[in-house]
Amino acid sequence: QVQLVESGGGLVQAGGSLRLTCAVSGRNSYPMGWFRQAPGKERDFVAAINRNGDSTYYPDSVKGRFTISRDNAKNTVFLQMNSLKPEDTAVYYCAASNLWRIVTLRNEYTYWGQGTQVTVSS
């Protein structure tokens, strides 16, 4: 059974930075992703990384500001968030997929963490 635990969320002013961490139990050879969900909205894709970490993908809304990375030796995935905006406020979720390629669709992820709150004040 795979378990994902996010940490690193908090309150930050606009323009600031946060680094989220996802600890993965068991083997860490899954394609991984980060999603976020604001109150009353859908859970949206934020970033994805392939199994060995040499390929990443971002939507335009975060491209150039967010960076996903992984340390397979430590079973950990990171999301570095810079130049944060109030519209980045949401619960951020880490997810793992059983597929072999990089994954961007929510329904292609099998395992999910509990989420960590990120609040960006203006």
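Up top you'll find the structure we're talking about.
Bear in mind that the values here come from a model prediction, so they are computed numbers and not experimental data.

S.K.: Explain the pairing of strand E5 (residues 43-49) to me, please; I cannot follow it from the model alone.
M.R.: Strand residues, when the strand is regular, have side chains that alternate between the two faces of the sheet. Of all 7 residues in E5, 5 are buried; the element is thus mostly enclosed. Bridging between strand E4 (residues 32-37) and E5 involves 6 bridges; their strand directions are antiparallel. Within E5, the position partnered with Gly33 by the bridge is Ala48. Connecting E4 to the antiparallel partner E5 that follows it, the hairpin turn spans 5 residues, and Gly40 within it adopts a positive phi of roughly 75 degrees. Sheet analysis places E5 next to strand E6 (residues 56-57), joined by 2 bridges and oriented antiparallel. The residue of E6 that forms the bridge with Ala48 is Tyr57. Hairpin connection of E5 to E6: 6 residues between the antiparallel strands, including Gly53 at a positive phi of 85 degrees.

S.K.: I keep staring at the pattern of salt bridges and nothing clicks. Help me out?
M.R.: Any two side chains of opposite charge can pair, so long as their charged atoms come close to each other. In this structure the tally under the stated criterion is 5 salt bridges. Residue Asp88 pairs with Arg36 through a salt bridge whose shortest N-O separation is 2.8 Å. Linking Asp88 in the loop between strand E8 (76-81) and strand E9 (90-96) with Arg36 in strand E4, this pair joins segments that are 52 residues apart in sequence. Exposure remark for Arg36: the relative accessible area of 13% places this residue in the buried category. Put simply, Asp60 and Lys63 hold a salt bridge, and the shortest N to O gap is 3.4 Å. Owing to a relative accessible area of 67%, Asp60 belongs among the exposed residues under this scheme. Residue classification places Lys63 among the partly exposed residues on the basis of a relative accessible area of 48%.

Parameters and conventions
- Residues numbered from 1 in each chain as written.
- Predicted model: local features only at pLDDT ≥ 70, side-chain atom pairs only at ≥ 80, totals over all residues.
- Heavy atoms only, no water.
- Buried < 20%, exposed > 50% of the residue type's maximum accessible area, 1.4 Å probe, protein only.
- Helix = DSSP H or I, 4+ residues; strand = E, 2+ residues; numbered from the N terminus.
- Pairing = 2+ DSSP bridges.
- Salt bridge = Lys/Arg side-chain N within 4 Å of Asp/Glu carboxyl O.

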